[in-house]
Amino acid sequence: MRLLFRKMSYHQMEDDMKQMEKVLCSKSFLYIDLFFIGIMISFAVSISFHSLLVGAVAFFVFYTVFSTIYYLLSKWLKDSPAEE
């Protein structure tokens with residue numbers, strides 16, 4: 001079975017890694033990730049408080065807080081003197 005697959009060249013692997021890095025660093029992927037993290041946290045909170053309303057409020061709060069932290073960090077790191 002091993003003979004059926006040929007090894008990828010270094011350049012092919014490098015291109016694949018660049019594509020993967022581009023996807024993982026995209027803003028849309030990050031906001032989707034924040035959405036799912038917010039959903040998981042809100043489920044945990046709604047189970048412990050036995051209320052869907054508290055879970056919905058927790059989702060909104062966590063998503064807003066995490067999005068704001070991401071936005072502030074991206075602004076702060078973009079303006080850093082290390083990039084110049």
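Residues numbered from 1 in each chain as written. Predicted model: local features only at pLDDT ≥ 70, side-chain atom pairs only at ≥ 80, totals over all residues. Heavy atoms only, no water.

**Brief notes about the overall build of the protein**
Quick note on the threshold: Think of it this way: any DSSP run of H or I at least four residues long counts as a helix, any run of E at least two long counts as a strand, and we number them from the N terminus. Summary of the burial criterion: residues with accessible area below 20% of their type's maximum are buried, those above 50% are exposed, and those between are partly exposed, where the area comes from a 1.4 Å probe applied to protein chains only.
The secondary structure content of the protein amounts to three helices and zero strands. Overall, the protein shows an N-to-C arrangement of helices and strands of α-α-α. Taking all 84 residues of the protein together, the buried fraction comes to 10%.

**Brief notes about the packing of aromatic side chains**
How we decide: Stacked, edge-to-face and tilted labels apply to pairs of Phe, Tyr and Trp rings (six-membered ring for Trp) whose centres lie within 6.5 Å, assigned for plane angles under 30 degrees, over 60, and everything in between, in that order.
A complete count under the given rule lists five aromatic pairs for this structure. For the pair Phe-35 and Phe-36, a centre-to-centre distance of 5.6 Å together with 70 degrees between the ring planes defines the contact as edge-to-face. By relative accessible area, which is 35% here, Phe-35 ends up partly exposed. Ring geometry for Phe-59 and Tyr-63: centres 5.9 Å apart, planes at 25 degrees, overall stacked. Separated by four residues within a single helix, Phe-59 and Tyr-63 lie in helix 3 (residues 52-78), roughly one turn from each other. Note on Phe-59: relative accessible area 22%, which makes it partly exposed. Here the aromatic cluster, defined as three or more aromatic residues joined through ring pairs, consists of Phe-35, Phe-36, Phe-59 and Tyr-63.

**Some points on the confidence of the model for the protein**
Spelled out, the test is: pLDDT measures how confident the predictor is about each residue, on a scale from 0 to 100.
Of the residues in the protein, 87% have a pLDDT of 70 or more, and the chain-wide mean is 81. Highest mean pLDDT in the protein belongs to helix 3 (88); lowest belongs to helix 1 (residues 10-24) (83).

**Topic: the packing of helix 2 (residues 27-49) against helix 3**
Test applied: Every axis in this analysis is a line fitted to C-alpha atoms, fitted for helices over the stretch in contact. Angles between the N-to-C directions lie between 0 and 180 degrees. Crossings are assigned a handedness: left-handed for a near helix turned anticlockwise from the far helix by less than a right angle, right-handed for a clockwise turn. Ten residues, namely Ala, Val, Leu, Ile, Met, Phe, Trp, Tyr, Cys and Pro, are considered nonpolar, four, namely Asp, Glu, Lys and Arg, are considered charged, and the remaining ones, Gly among them, are considered polar.
The geometry of helix 2 relative to helix 3 is characterised by a closest axis approach of 8 Å and an angle of 145 degrees between their N-to-C directions. In this structure, helix 2 meets helix 3 at a crossing whose hand is right-handed. Within the contact of helix 2 with helix 3, the residues separate by chemical class into 16 nonpolar, five polar and one charged.

**A short note on the environment of Ile-39**
As for its placement among the helices and strands, Ile-39 is situated in helix 2. Assessed through its relative accessible area of 25%, Ile-39 is described here as partly exposed. For the pair Ile-39 and Ala-56, spaced 17 residues apart in the sequence, the C-alpha separation amounts to 8.8 Å.

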